Structure formats: structure tokens, C-alpha cells
Amino acid sequence: MHNPVMVREVLDTLSPQARETYIDATFGAGGYSRAILEKAKCSVVALDRDPEALERAEALKAHYPDRFTFFPGRFSDMTTLLPPLDYDGIVFDLGVSSPQIDDAERGFSFRHEGPLDMRMEKQGLSAADVVNTFEEKEIARILWVYGEERRSRAIARAIVEKRKEALFTTTTQLADLVRSIVGFERVGFDPATRTFQALRLYVNEELSELEEGLKASEDLLKEGGRLVVVSFHSLEDRIVKTFLKEKSGALPHPSRYLPELPQAQAIFVLKNKKPLTPQEDELRSNPRARSARLRCAIRRAK
Ligand SMILES: C[S@@+](CC[C@H](N)C(=O)[O-])C[C@H]1O[C@@H](n2cnc3c(N)ncnc32)[C@H](O)[C@@H]1O
């Protein structure tokens with residue numbers, strides 16, 4: 001059974017009310033959409049870029065035919081994909097879903113042998129295309145920028161050497177190579193983690209998607225609307241934190257000779273200065289929650 005991460009905190013901050021309408025920007029296995037619909041007699045408009053989410057969305061639609069609607073697509077396109085309403089809240093739960101990570105055929109996990117794929121949309125450039133065809137320097141850059149992998153150059157060199165013998169086709173081929181370069185780091189941490197994160201973020205353009213999705217939320221939320229974002233690693237959280245600080249007037253102006261953004265022009269009010277993190281009981285029962293961070297802000301008057 002899929003376990004949605006920080007669902008209690010999502011409900012507290014989103015605060016669903018009867019007759020209001022919320023966007024679940026990352027439907028996944030539908031855990032948040034279902035919890036919001038159960039909490040109040042409200043409506044949920046959900047989207048997901050993974051074609052496999054559609055079937056799960058249809059199952060939820062059968063329970064809530066009048067209050068739930070699903071749109072396949074990317075959240076960077078929300079303003080054109082979704083009905084032009086003033087929404088009361090938007091929630092993003094970033095990264096991959098349990099069904100994606102648990103299905104070896106999707107190629108997201110270094111724990112299961114599967115094709116080296118990682119494409120959420122099941123089309124376009126795959127992780128295998130990157131490691132088999134990109135120049136060594138570009139592979140190193142991707143591992144450094146999207147994985148903060150300190151051994152990025154050594155791994156890229158080894159990948160390019162290895163592919164001269166045979167191209168990479170499986171997750172385990174790549175994971176084993178990376179492990180042999182990086183070596184043991186600490187108990188419970190797989191040294192292939194950063195490389196797999198980097199390829200996944202790159203192949204799915206996840207960081208630019210996040211920037212565009214956050215910008216879209218500015219237009220879609222009504223005054224008083226809640227923006228809730230759950231992220232899973234520092235690259236994502238940094239983007240959310242900087243966006244919210246900038247839009248709430250909390251970030252110092254880039255030049256001290258220019259005036260600061262007046263509070264009256266601020267678009268969001270921060271709900272918490274520090275991100276919320278999962279409670280002890282959740283950490284014990286759901287290891288996926290370990291690195292989760294929740295940030296929330298309220299839309300000011302338009
Ligand atoms: C962590 S899961 C969400 C889990 C969900 N909250 C639940 O309770 O089941 C993230 C989902 O977001 C989707 N996703 C990631 N980036 C997206 C994007 N740019 N646009 C739309 N969906 C995206 C993924 O396909 C995945 O299904």
C-alpha cells in the first residue's frame with residue numbers, strides 16, 4: 001500500500017474547506033488527492049505527467065465523480081491545461097512516486113534490475129541515451145550539477161571507457177560501475193544514489209519544471225490561497241526557498257543601491273520560516289519520508 005509522505009502536515013497547511021477547489025500538481029498514486037477529498041466536501045483538480053497515473057486517477061474519479069478531475073500533463077503547463085479558476089490551494093509533492101520507483105521496468109531504482117530508462121513521460125531522451133551518447137565532459141557536468149557528485153569526473157571517465165566495450169542497458173550495470181568508483185560511504189547509503197538522482201533530474205528536466213510550476217502557482221491562486229511544496233533533496237528545496245523568499249520580499253535586494261521590494265508588492269506571505277519535517281512516528285513507519293521538507297506560503301491580494 002502506498003504511503004503518502006507528510007500527509008498530516010499537508011492537510012494542516014492546505015486546510016481544505018467545503019466548496020473550495022485545490023490543485024494536486026503531482027497526483028502520483030493519488031494519496032494527497034484522496035486525503036483532501038476525504039477531509040472536506042471540496043473539489044480537487046489533479047495532474048501528472050506519467051501516463052500510468054491516468055488509470056489510478058480514473059479509480060479515484062469513480063469514488064468522487066463530481067469533486068475530482070484529472071488532467072494528464074506537466075505542471076509547468078498548468079495555466080493552460082487547467083480550468084481558469086481562482087484556486088484555494090496548490091500542493092506539489094516532488095520527485096518520483098512509489099509506483100514509479102517500485103516498478104523495475106521504469107528504471108528509476110538502482111535496487112532493482114531494469115532498463116536504464118527513468119522517463120516519467122515514457123518518451124523522449126532516456127537515462128541510457130545520456131550515458132551511451134553524451135560526451136564525457138557533459139556527463140560529468142550533469143552528475144555534478146544535478147547530483148552534487150564529487151566524483152563526477154571519475155565516474156564520467158569510467159562510463160565512457162566501459163561503453164566502448166558494450167553500451168549500458170540496465171540500471172544495475174550503471175549502479176555497479178558507480179559503486180566501484182565511489183566506494184563505501186556510510187551504512188544504509190548507496191553510493192549510486194547521487195548519480196541516479198542526477199540522471200533522473202536531467203532526463204525529466206525536473207528543476208526547470210519546478211521553477212515554472214511555482215511561477216504558475218502565482219497566477220492560479222486566489223487571495224488567501226495556500227501554496228504547499230514537499231521536496232526531497234537540497235536542490236529542490238533551495239529553489240522553493242529562494243522563490244518564496246523572493247516573492248515574499250524576504251530576500252535582500254541584489255544591489256544595495258536599489259530599493260528593496262516593498263512589502264506591499266510581495267506576492268506571498270511565508271507560513272513558516274523553517275521547513276516542516278516529518279514527525280518521529282512517520283519516520284519510523286515510512287523510510288521514504290526521511291528527507292522530506294514542507295514549505296508553505298499564502299497568496300496575497302492580486
Ligand atoms: C512523489 S510523487 C506524488 C505522490 C502523491 N502525492 C501521492 O500521494 O501518491 C510525484 C509525482 O509527480 C509526477 N511529476 C513529477 N514531475 C511532474 C511535472 N513536472 N508535471 C506533472 N507531474 C509531475 C510524477 O510523475 C509522480 O507521479
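Residues numbered from 1 in each chain as written. Predicted model: local features only at pLDDT ≥ 70, side-chain atom pairs only at ≥ 80, totals over all residues.

**Points about the overall build of the chain**
For clarity, the cut-off: Under the DSSP-based scheme used, a helix requires at least four consecutive residues in state H or I and a strand at least two consecutive residues in state E, with every element numbered from the N terminus. The globule rule is 2.2 Å times the number of residues to the power 0.38, and the radius of gyration it is compared with is taken over C-alpha atoms. Neighbour counting defines burial: a residue surrounded by 20 or more other C-beta atoms within 10 Å of its own C-beta is buried, one with 12 or fewer is exposed, and intermediate counts give partly exposed, using backbone-placed C-beta atoms. With C-beta atoms placed from the backbone, a contact is any residue pair whose C-beta atoms sit within 7 Å.
Summing up its helical and strand segments, the chain has 13 helices and 7 strands in all. Relative to a compact globule of 302 residues, whose C-alpha radius of gyration would be 19 Å, the chain shows 20 Å and is just as compact. Projected onto its principal axes, the C-alpha coordinates of the chain cover approximately 60 × 60 × 40 Å. By the burial criterion, 43% of the 302 residues in the chain qualify as buried. Put simply, 66% of the contacts in the chain that link residues at least 6 apart link residues at least 24 apart.

**Some words on the environment of lysine 222**
Take lysine 222: it is sitting in strand E5 (residues 221-231). Take lysine 222: there are 15 C-beta atoms within 10 Å of it, and that puts it in the partly exposed class. Residues within four places of lysine 222 in sequence aside, it is in contact with Asp86, Tyr87, Asp88 and Arg299.

**Comments concerning the site of the ligand**
To keep things clear, this is the line we draw: For each residue, a C-beta atom is placed from the backbone, and the residue counts as near a molecule or strand when that atom lies within 6 Å of it. Gly is placed with the polar residues, together with every amino acid not listed as nonpolar (Ala, Val, Leu, Ile, Met, Phe, Trp, Tyr, Cys and Pro) or charged (Asp, Glu, Lys and Arg).
Around the ligand, a shell composed of 23 residues is seen, among which Pro4, Thr26, Gly28, Ala29 and Gly31 lie nearest. Contributions of two or more residues to the shell around the ligand are made by helix H2 (31-39) and strand E2 (43-48). Its residues assigned to classes, the shell around the ligand comprises 8 nonpolar, 9 polar and 6 charged.

**Some remarks on the nonpolar core**
The test is simple: As used here, a nonpolar core is made of buried Ala, Val, Leu, Ile, Met, Phe, Trp, Tyr and Cys residues. They are joined through C-beta atoms within 7 Å.
If you look at the biggest cluster of nonpolar residues, it comprises 48 residues, and the most contacted ones within it are Ile23, Ile90, Val91 and Val230. If you tally residues by element for this core, the top one is E5, at 5 residues. Apart from residues lying up to four places away in sequence, isoleucine 23 is in contact with Val45, Met78, Leu82, Tyr87, Ile90 and Leu220. Formed by 28 residues, the second largest nonpolar core is a distinct cluster that contains Leu116, Ala127, Leu143 and Ala175.

**Overview of the sheet that holds E5**
For the record, the criterion: When DSSP finds at least two bridges between two strands, those strands are taken to pair. Every angle, taken between N-to-C directions, lies between 0 and 180 degrees, and every axis is a line fitted to C-alpha atoms, over only the stretch in contact when it is a helix.
Taken together, 7 strands build an open sheet; the order of strands is E3-E2-E1-E4-E5-E7-E6 and the sheet is mixed. A strand with exactly one partner marks an edge of an open sheet, and here the two such strands are strand E3 (68-72) and strand E6 (268-270). For this sheet the average axis-to-axis angle between neighbouring strands, irrespective of direction, equals 20°. Note that E2 and E3 share 5 bridges and pair parallel. When the bridges of E3 are listed, aspartate 48 appears paired with proline 72. Strands in contact with helix H12 (residues 234-247) are E5, E6 and strand E7 (293-299); relative to E7, the strand with the most contacts, it is inclined by about 25°.

**Considerations on the packing of helix H7 (residues 136-147) against helix H10 (residues 193-203)**
Stated formally: What sets the label is the angle itself: under 35 degrees gives roughly parallel, over 145 gives roughly antiparallel, 65 to 115 gives roughly perpendicular, and the rest give oblique.
At a closest axis distance of 8 Å, the pairing of H7 and H10 adopts a crossing angle of 95°. Considered as vectors, H7 and H10 are oriented roughly perpendicular to each other. Mapping the contact onto sequence places Ile142, Leu143, Tyr146 and Gly147 in H7 and Arg194, Thr195, Gln197, Ala198, Leu201 and Tyr202 in H10.

**Points about the domain arrangement of the chain**
How large an interface is tends to be reported as the accessible area lost when its parts come together. The condition that has to hold: These domain boundaries are the output of an automatic or database domain assignment.
Taken domain by domain, the chain comprises domain 1 (7-99 + 206-299) and domain 2 (122-203). The straight-line distance from the C-alpha centre of domain 1 to that of domain 2 is 30 Å.

**A look at the packing of helix H8 (residues 152-165) against helix H9 (residues 171-182)**
As a reminder of what qualifies: Working rule for handedness: look at the near helix, and if it is turned counterclockwise from the far one by less than a right angle, call the crossing left-handed; if clockwise, right-handed.
Relative to each other, H8 and H9 sit at 135°, their axes nearing to 10 Å. By the angle class used here, H8 and H9 are oblique. Every pair of crossing elements has a handedness; the one defined by H8 and H9 is right-handed. The segment H8 lies against H9, with Ala154, Ile155, Ala158, Ile159 and Lys162 engaging Leu177, Val178 and Ile181. Residue composition of the contact of H8 with H9, grouped by class: 7 nonpolar, no polar and 1 charged.

**Quick notes on the pairing of E5**
With 8 of 11 residues buried, E5 lies mostly within the body of the structure. Looking at chain direction, strand E4 (residues 87-93) and E5 are connected through 6 bridges and run parallel. Bridge pairing in E5 links isoleucine 90 to leucine 227. Taken together, the 6 bridges between E5 and E7 define a ladder with antiparallel strand orientation. Across the sheet, the residue bridging to leucine 227 is alanine 297, located in E7.

**Notes on H7**
The test is simple: One less than the residue count of a helix, multiplied by 1.5 Å, gives the span that helix is expected to have. Think of the arc as the fan of directions from the helix axis to the C-beta atoms.
In this model, H7 (12 residues) spans 16 Å end to end at C-alpha, consistent with the 16 Å of a helix rising 1.5 Å per residue. Of all the residues in H7, the buried ones are Ile139, Ala140, Ile142, Leu143, Tyr146 and Gly147. Looking straight down H7, one finds that the buried residues subtend no more than 165° of arc, so they occupy a single side. Just beyond H7, the residue with positive phi is glutamate 148, at close to 50°.

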